[in-house]
Amino acid sequence: MFKKDILLEIKLLGLTISSGIVFALVFYKILPAFFIFFGFIPFLIFLDRVRNWKTSALGGFLAGFFYFALILLFSIYIRWPGFITPETLFLKVAYVASDILGGIWWAIFSFFAYRGWRRHWSMVFFIPSLWLLMEFFRSLTVFRFTWGFLGYLTEDLFVFRQASVIMGVLGLGFFIVFINVALFFTFQYLVQRNLKSSMMLLGVGLVVLGSIFFLTTKAQTDIKSTKSIKVAVAQSNKDTPVQNFYEEPYFSLLNTARQKNPDLVVLPESILKGWDDEKEKSLSQVLANFPGLVAFGAYRQEREKLYTSFFLWKRGSVVDIYDKHFLVPFAEYRPPLISRFSPKTILIFTPGEHVQFLGDGSMRLGVFMCQESMHPEAGQRPVLQGAQLLVSGANDGVVLDSFFLQKFARAENNWLYYINHLTAKFRAIETSRYLVRSTKLGIASIIDPLGEEIVRIDSGQSKVSVQEVKLREGLTPYTRFGDAPALTASFLFIGFVFSTRSIKRTRTRKALE
């Protein structure tokens, strides 16, 4: 009997691990995107059959550990065979630590899901609500890994990803889990020949889906375009900063852009080693009599503080500056309490005090830099303040692919290029703004408000592309309210489920007495 119990637990744990692996394979595009609507079902079977909270937490941990172990493989600096240096060793340790932390978050979710689980249609809202809260609280930790959000897996599902204008990426994760749970219970009711419950659940699902698509369509039509402008986006294919704008490739890129007479030229982040009068003079001479705006990144020092900044330049002078707000832990700052684990070679930056738009009166630009694209607030806040167009400068060539990804994953580019480009796409959809993204190494692009690439420059090219885009006015529901409505509803529904279970237990105990 004991052996049978052990074998049963192993089989159940295998089910939950398979869910994590399925989602990871969708992430790498090895499985088609529609698998996300079935990938959670093995985990739900596990929840339905597990007998104690310890096994439920262990199952959640293993599913999360395998999921993050796969999707974060790109973060290890490995070439086959690898060489051990302090920096690469740190990345390996950080990789394992991130996998463990991801597993712990899934374990917490699984524990509470087990505590609230019952064979009742209310789970269709309870389980997705728990999932949404788990992803939200995970996004508040020092690493802020929003890469693993399930909502990003809808990238290839054009219609579904549009719902982020009302619910954001967190809400898309709720949406995915909701469909999985609804399918699970519908199948259960059909097996039990409970046609009435299965039809009721199907009706609830159709009403929810219909409401979401109606609100999505309305939100997108409420945003109005004002005027069209010509934008030049550059890919430098040069990782290191230069001394001034006379140096290549920026001298050639700026001259090429100038010939096409755009209203705005966007260059990557941190292309200059600081900013001073000499560098401003070099830009003025290279672009003499150029009437348009130029946006570019450079390090900036103010008193004893060092900033990584994005400048807006016009006709010989800087008209506005954005200082990067969301810094990368262990790469741009040392987190408190665990700072001693950081590599000693990193530059320590100061976060910008204000999230704002840049502008000169002719247009208002919402700016975020590099991995700030992971944070929905990076697009949401400047648009709330009036930004008409999103602009991003990045350098995604900071991490090399692992041997595994080069060998087996279906990718044209380094996976860090893909992930940062992916998260930037969703910032465009959420705010219903065009996004102009310039990179040193990575994927430079212009993305429309539906998340479609209208310009793409793959890594390995030093190139400028010019495209007409539209400045846009108005706020989407997600820009206006953020995650607050979804979080509030999730808290209320989880509280309702646990309170009704508590009342039912109290009544049962009193009846037995």
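These figures come from a predicted structure and were not determined experimentally.

*Asks:* With reference to specific residues and values, describe the pattern of salt bridges.
*Replies:* Applying the stated criterion across every chain, the model contains 16 salt bridges. Residues glutamate 452 and arginine 161 are paired through a salt bridge, measuring 2.4 Å at the closest nitrogen-oxygen approach. With glutamate 452 in the loop between β10 (444-447) and β11 (453-457) and arginine 161 in helix α6 (residues 158-161), this residue pair connects regions lying 291 residues apart in the sequence. The exposure class of glutamate 452 is partly exposed, given its relative accessible area of 35%. For aspartate 458, the salt bridge identified is with arginine 456, shortest N-O distance 2.8 Å. The exposure class of aspartate 458 is partly exposed, given its relative accessible area of 21%. Look at arginine 456 and you get partly exposed, because its relative accessible area is 34%. Look at the salt bridges and you will find they share partners, linking Lys29, Glu155, Asp156, Lys425, Glu453, Arg456 and Asp458 into a network.

*Asks:* An account of helix α10 (residues 277-286) is requested, with residue identities and associated values reported.
*Replies:* Residues of α10 that are buried: Lys279, Glu280, Ser282, Leu283 and Val286. One face of α10 carries all of its buried residues, which in axial projection span an arc of 160°. α10 presents Asp277, Glu278 and Lys281 as exposed residues on the side facing more than 90 degrees away from its buried surface. In this fold, the buried residues of α10 make contact with α9 (250-259), β3 (293-302), β4 (305-314) and β5 (317-323). Where α10 begins, the capping side chain belongs to aspartate 276, and its oxygen is found 3.1 Å from the backbone nitrogen of glutamate 278.

*Asks:* Kindly report on the packing of helix α2 (residues 41-49) against helix α7 (residues 164-191), identifying the contributing residues and their values.
*Replies:* In contact at an axis separation of 9 Å, α2 and α7 are set at 60° when each is read in the N-to-C sense. It follows from the interaxial angle that α2 and α7 lie oblique. Between α2 and α7 lies a crossing of right-handed hand. Residues Ile41, Leu44, Ile45 and Asp48 of α2 lie in contact with α7, whose contacting residues are Asn180, Val181, Leu183, Phe184 and Gln188. Its residues placed into classes, the contact of α2 with α7 shows six nonpolar, two polar and one charged.

*Asks:* Before we move on, can you summarise the environment of serine 392 with the specific residues and values?
*Replies:* Along the chain, serine 392 turns up in strand β8 (residues 389-394). What makes serine 392 buried here is its relative accessible area of 0%. Put simply, serine 392 and arginine 437 are 45 residues apart on the chain and 4.6 Å apart in space, counted from C-alpha to C-alpha. Ignoring sequence-local partners within four residues, the contact set of serine 392 consists of Val266, Phe368, Met369, Cys370, Leu435, Val436, Arg437 and Ser438.

What counts as what
Residues numbered from 1 in each chain as written. Predicted model: local features only at pLDDT ≥ 70, side-chain atom pairs only at ≥ 80, totals over all residues. Heavy atoms only, no water. Salt bridge = Lys/Arg side-chain N within 4 Å of Asp/Glu carboxyl O. Helix = DSSP H or I, 4+ residues; strand = E, 2+ residues; numbered from the N terminus. Buried < 20%, exposed > 50% of the residue type's maximum accessible area, 1.4 Å probe, protein only. Arc of directions from axis to C-beta. Contact = heavy atoms within 4.5 Å. Polar contact = N/O pair within 3.5 Å; in protein donor to acceptor, adjacent residues only side chain to side chain. Axes fitted to C-alpha atoms, helices over the stretch in contact; angles between N-to-C directions. Parallel < 35°, antiparallel > 145°, perpendicular 65-115°, else oblique. Left-handed = near helix turned anticlockwise from the far one by under 90°. Nonpolar A, V, L, I, M, F, W, Y, C, P; charged D, E, K, R; others polar.

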